[in-house]
Amino acid sequence: MITYIKINGFKSFQNFEMEFTPLSIIAGTNASGKSNLFDALRLISHLAEAEKIHNAFRKEQRGEMYELFSQLDENTHSREMEFCVEMLVNRTIKDAWGGEANLKYTRLRYELKIRRFINRSGIEDIEVTYERLENLKHQDDKWIKFLPKETLTYWRPKVETGKRGIPYIYTESINEIPTVVVPQDGSQGGNKRTYPLTNASRTVLSSIDSVDFKHILAAKEEMKSWRFLQLNPEDLRMPTSKKTGEDVISPSGKNLAAALYRINLDDAYSLVEISRKLNSFLPNFTEVMIKDDIANKQFVISLKGTDGKEYTSRVLSEGTLRLLTLCVLEQDMKHTGLLCFEEPENGVHPFRIKATVELLKDLSIDFTNLNMPLRQVIVNTHSPVLVNEMYKFKGDKYVSIHFAEMISRIATIDNKKVKLFVSKITPVAMDAESTIEFTEYERKITLHRIKEYLQTLDVEANS
């Protein structure tokens, strides 16, 4: 899971910083930067596995490659973007060949810089200029205050022997050439891999696939696992063809039926739990069923109503399908890591928003439960109803609410002062503990913002 991010030079972000809890809500109006944050996370995720950084910049991104760099004025974009991500990763890691290893450190920080330039052919191009991965030192890690004392050493193992003083990836000048260095994992010395940064077309992290470099692989797998839900009701309604080879729910909701069939095969009781959970929110449905339609080579979902009739996914409402998807994800053992959910309130009646919020909370980790997968949810929303329901968790330190807005800022770039409109995402000063230190003025401002935002409840309910 991601615990902190810093972004500079990407879209509307300039020296932007944000902390995350297991369940983080980002609220704001349209064009306030909420989706840009998801775009940044999506780009980082793709960069962690792409064989060429160009592919990551073109995959699921809005705009041309140069447009992902911050726009400074009408005709100028920044030359460099940089990211810093702090993570909590799983205690064990497995590679594609079945190799498995235990991690010494589960708190990692990854830094990356990418530069835009004109190549020899006069074509706009990009390259990696800096990369670094290191463990977070215990004394410098403020975020760990979120972890309960009784389970702290489980999520962040105690180091019994010498502390690591050298990063897993770092950049230095070798023969006046910027070079990424990868030492042996588990060793302060020994052999090193070196990668000269001369028009580097991929990240070093993306090239590591073996548990021989277990901490690098763990960071890579963590970022690769980030999922982005933008559920499409038509995709949710469709049965899953057996010819697709997919049994994991796609970002738009495809393969829901195949995922449910797989979950039922692994543990038939999971279907009972999904039925029970959905019924608690939608009493008109008593049972969730998954059928293997052999004749048509597909899997079909149906719900049994209190009237005894069965209703296939083809005729179910969008709101019902969205709640069902969250119930299925909760029971899906293949679902771990970060889930970014774009406007979960879409298609859901305001009376059902409370059910949606409860499901999102259940999908995020409770660190007191050692049997629970490492799961995190980040939501962006413009619904005051959803924010109001989330605010009821104000005493829960695993839940945070943030407000997104665009502000004007004067910045010095290339020795020139420019006026920029940048994204600001401000945490609400709730009752929960935070690593963010608020002044009394900031606390009053954020509390005023949420009250002002929630006053639009009546407007939304009557519109």
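A. Examining the sheet that holds strand β22 (residues 416-427) more closely. If you trace the six strands from one edge of the open sheet to the other, you get β14-β19-β20-β3-β21-β22, paired in mixed fashion. Each edge of the open sheet carries a strand with a single partner, namely β14 (227-229) and β22. Averaged over all adjacent pairs, the angle separating strand axes in this sheet is 25 degrees, with direction ignored. Contacts from helix α1 (residues 34-47) reach β3 (23-27), β14, β19 (337-342), β20 (375-381), β21 (399-413) and β22 within the one sheet, and its direction differs from that of β20 by about 145 degrees. Strand contacts of helix α8 (residues 318-331): β14, β19 and β20, with the helix running at about 175 degrees to β19, the strand carrying the most contacts.

B. Summary view of the packing of aromatic side chains. Under the definition given, this model contains eleven aromatic pairs. With a centroid separation of 6.4 Å and an interplanar angle of 70 degrees, the aromatic rings of Phe38 and Phe228 are classed as edge-to-face. Here Phe38 is found in helix α1, whereas its partner Phe228 is found in strand β14, with 190 residues between them in sequence. Relative accessible area serves as the criterion here: at 1%, Phe38 is assigned to the buried category.

C. Spatial organisation of the layout of surface pockets. In this model, the second largest pocket occupies a volume close to 460 Å³. Mapped by element, the contributors of at least two residues to the lining of the second largest pocket are α1 and β14. Of the residues belonging to the lining of the second largest pocket, the class tally is six nonpolar, seven polar and eight charged.

D. The arrangement of the packing of helix α7 (residues 268-281) against α8 in detail. It is the contact of α7 with α8, at a shortest axis distance of 9 Å, that shows an interaxial angle of 145 degrees. The chirality of how α7 crosses α8 is right-handed. The segment α7 lies against α8, with Ser270, Glu273, Ile274, Lys277 and Leu278 engaging Leu323, Leu324, Cys327, Val328, Glu330 and Gln331. Considering only residue class, the contact of α7 with α8 consists of six nonpolar, two polar and three charged.

E. Just the pattern of salt bridges, in detail. Applying the stated criterion to the full structure yields 23 salt bridges. The partner of Asp141 in a salt bridge is Arg107, with the nearest N and O atoms 2.7 Å apart. Placement of Asp141 in the loop between β10 (124-135) and α3 (152-155) and of Arg107 in strand β9 (residues 107-118) is noted, with a sequence separation of 34 residues between them. Given the relative accessible area of 6%, Asp141 is considered buried.

F. Structural context of the sheet that holds strand β11 (residues 170-174). Across the sheet, three strands lie side by side as β11-β12-β13; this open sheet has antiparallel pairing. Strand pairing shows two members of the sheet lacking a second neighbour, β11 and β13 (192-196), which therefore form its edges. Ignoring which end each strand starts from, the neighbouring axes of this sheet average 35 degrees apart. As paired elements, strand β12 (residues 177-183) and β13 share five bridges and run antiparallel to each other. Bridge pairing in β13 links Thr179 to Pro196.

G. A look at the pairing of β3. Judged by how many residues are buried, β3 sits mostly within the fold: five of five residues are covered. Alternating residues of β3 divide into Leu23, Ile25 and Ala27 and Ser24 and Ile26, and every residue in both groups is buried. The pairing of β3 with β21 spans five bridges and is classified as parallel. Among the inter-strand pairings, Leu23 is bridged to a residue of β21, identified as Val399.

H. Structural context of the side chain of Thr325. Relative to the elements of secondary structure, Thr325 occurs in helix α8. Taking the relative accessible area as the measure of exposure, Thr325 reaches 0% and is therefore buried. Aside from chain neighbours lying at most four places away, what touches Thr325 is Leu231, Leu236, Ile249 and Leu256.

I. The nonpolar core, seen in detail. Residues Ile5, Leu37, Leu41 and Phe57 are the most contacted members of the largest nonpolar core, which totals 64 residues. Among the elements that line this core, the one with the most residues is α1, at seven residues. Apart from residues no more than four positions distant in its own chain, Phe57 is found in contact with Leu43, Leu47, Met65, Leu68, Phe69, Met81, Ile114 and Ile126. Ranked by size, the runner-up nonpolar core spans 52 residues in total, among them Ile290, Val328, Val399 and Val428.

J. Just unusual backbone geometry, in detail. Phi is positive for Lys297, which is not a glycine, with a value near 50 degrees. For Lys297, the location among the structural elements is in the loop between β16 (285-293) and β17 (298-305). Judged by its relative accessible area of 48%, Lys297 falls in the partly exposed class. Backbone geometry places Glu343, a non-glycine residue, at a positive phi of 45 degrees. Its place among the elements puts Glu343 in the loop between β19 and α9 (353-362).

Conventions and cut-offs
- Position numbers for residues count from 1 along each chain, tracking the sequence in the order it is written.
- Only residues with pLDDT of at least 70 are given local features in this predicted model, and only at 80 or more are side-chain atom pairs given and counted; all residues enter the totals for whole chains, interfaces and linings.
- Note: side-chain values were computed over all heavy atoms of the structure, leaving out hydrogens and water.
- Note on pairing: DSSP must find at least two bridges between two strands before they are called paired.
- Here a helix means four or more residues in a row that DSSP labels H or I, a strand means two or more in a row labelled E, and each is numbered from the N terminus.
- For helices, the axis comes from a line fit to the C-alpha atoms of the stretch in contact; other axes are also lines fit to C-alpha atoms, and the angle between any two N-to-C directions lies between 0 and 180 degrees.
- Here a residue-residue contact requires only that any non-hydrogen atoms of the pair lie within 4.5 Å.
- Here a pair means two rings of Phe, Tyr or Trp (six-membered ring of Trp) with centres within 6.5 Å. Their orientation is stacked below 30 degrees between planes, edge-to-face above 60, and tilted elsewhere.
- Buried, partly exposed and exposed residues are distinguished by accessible area as a fraction of the type maximum, computed with a 1.4 Å probe on protein chains only: under 20%, between the cut-offs, and over 50%, respectively.
- Cavity means a closed set of points on a 1 Å grid over the protein atoms alone, one where a 1.4 Å probe fits but cannot get out, pocket means an open set with protein on both sides within 12 Å along at least 5 of 7 lines, and lining means a residue has an atom within 4 Å of a point.
- Grid points are joined across faces, edges and corners, and a volume is the space filled by probe spheres set on the points.
- In this classification, the charged set is Asp, Glu, Lys and Arg, the nonpolar set is Ala, Val, Leu, Ile, Met, Phe, Trp, Tyr, Cys and Pro, and all remaining amino acids, among them Gly, are polar.
- By convention, the crossing between two helices is left-handed when the near helix turns anticlockwise from the far helix through less than a right angle, and right-handed when the turn is clockwise.
- Basic side-chain nitrogens of Lys or Arg form a salt bridge, by our definition, when they fall within 4 Å of a carboxyl oxygen of Asp or Glu.
- Definition of nonpolar core: a set of buried residues of the types Ala, Val, Leu, Ile, Met, Phe, Trp, Tyr and Cys, connected through side-chain atoms within 4.5 Å.

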